[in-house]
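Observations on chain architecture
Here is how the chains run, residue by residue.
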Amino acid sequence: MIKINKLWKEYGDNVVLEDISKTVADGEFVTLVGTSGCGKSTFLKMLLGMETASRGELLIDDKPIPGEPDQSRGIVFQQYSVFPHLSVLENVMIAREFERSALLGKLFGVAKRKVREEAQALLEKVGLGPAVSKYPHELSGGMRQRLAIAQALIRKPRVLLLDEPFGALDPGIRADMHKLILELWREHQLTVFMVTHDLSEGFYLGTRLWVFDKVRHDPQAPGAWGAKITYDLTVGEIPSDTLAKVQKITSPEEQQEVGELT
Ligand SMILES: Nc1ncnc2c1ncn2[C@@H]1O[C@H](COP(=O)(O)OP(=O)(O)OP(=O)(O)O)[C@@H](O)[C@H]1O
């Protein structure tokens, strides 16, 4: 279980997140929406341990989330972070080697063979079986995101953090990736936090949808107030008037159709 308790994040005078308190049970799929710059990525980075809270606490199973990324949480960014000079297989294996290297040094012999087998099985699972020997520049955008997902999953995280992972993909490829991520979520019993700009994607994938919004504005001091989670919705149980309000917050100019992906 993850507990977020009176969490604040400030960069200097810029208050980004303000007094957020939430509890997330294991296995939930939380999607995060909100206007650009309201702090969604910052929130994910705090869950990962890449950023620290200015005030308040983030607990995983009642213990503070470690101050740096560890094996319990994996992240996939929109701009994938794979190594260009390594093959697909090596990219996944190295994610595992990094995790162990601090304790055991470089992998070799039986241990390395075991990791290779695990990496190969995972690459099959994400649909990259035929591409294990290719290099990242030989892959399509969708394939690169599959690789980034495999890199995160090889470490067997309990919590998967996705920062607009499919934002740059074509609609058809996105639909395939949606299928994949739902399968992996169920199979690996992950708790997922996923940032998306696409409200319909948020509703389609999530069991719970959070809307980040700045409710107070001071024109003289734009950084004086941070965003809060103004709606915490259980997907499938949302009254239509609430839906309309959320659509307005997340897309003030151009209202989106919800449910088009179902
Ligand atoms: N390392 C940093 N130092 C200073 N300010 C930062 C830092 N990282 C983020 N910010 C600021 O925090 C605010 C929130 O940024 P963040 O990237 O979390 O927003 P976001 O909701 O994810 O935006 P988008 O939807 O455009 O990706 C912005 O004002 C940003 O400039």
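Right, let's walk through the structure included here. Being a predicted model, the structure only gives us computed values, none of them experimental. (Residues numbered from 1 in each chain as written. Predicted model: local features only at pLDDT ≥ 70, side-chain atom pairs only at ≥ 80, totals over all residues. Heavy atoms only, no water.)

Observations concerning the site of the ligand
- The environment of the ligand is made up of 13 residues, and the closest members are S36, G37, K40, S41 and T42.
- Between an oxygen atom of the ligand and a side-chain N or O atom of S36, the distance comes to 2.6 Å.
- With respect to the ligand, the side chain of H197 contributes an N or O atom lying 3.3 Å from an oxygen atom.
- Protein contacts shield 60% of the accessible area of the ligand, which totals 640 Å² for the unbound molecule. (Near = heavy atom within 4 Å. Polar contact = N/O pair within 3.5 Å; in protein donor to acceptor, adjacent residues only side chain to side chain. Areas by Shrake-Rupley, 256 points an atom, 1.4 Å probe, with all protein chains shown as cover.)

Points about the sheet that holds strand β9 (residues 208-213)
- In spatial order, the strands read β6-β7-β8-β3-β9-β10; together these six strands make up an open sheet with mixed pairing. With one partner strand each, in any of the chains shown, β6 (73-77) and β10 (228-234) form the two edges of the open sheet. The mean angle between the axes of side-by-side strands here comes to 15 degrees, regardless of whether they run parallel or antiparallel.
- Here five bridges tie strand β3 (residues 29-34) to β9, and the two strands are oriented parallel to one another. From the neighbouring strand, L32 faces β9, where its bridge partner is W210.
- Running over the sheet, helix α4 (residues 141-153) touches β6 and β7 (159-163) and is turned about 170 degrees from β6. (Pairing = 2+ DSSP bridges. Helix = DSSP H or I, 4+ residues; strand = E, 2+ residues; numbered from the N terminus. Axes fitted to C-alpha atoms, helices over the stretch in contact; angles between N-to-C directions. Contact = heavy atoms within 4.5 Å.)

As for the pairing of β3
- Counting buried positions along β3 gives six out of six residues, so the element sits mostly inside the fold.
- Here β3 shows two buried faces, one formed by F29, T31 and V33 and the other by V30, L32 and G34.
- In the sheet, β3 pairs with strand β8 (residues 191-195) via four bridges, with the strands oriented parallel. From the neighbouring strand, T31 faces β8, where its bridge partner is M194. (Buried < 20%, exposed > 50% of the residue type's maximum accessible area, 1.4 Å probe, protein only.)

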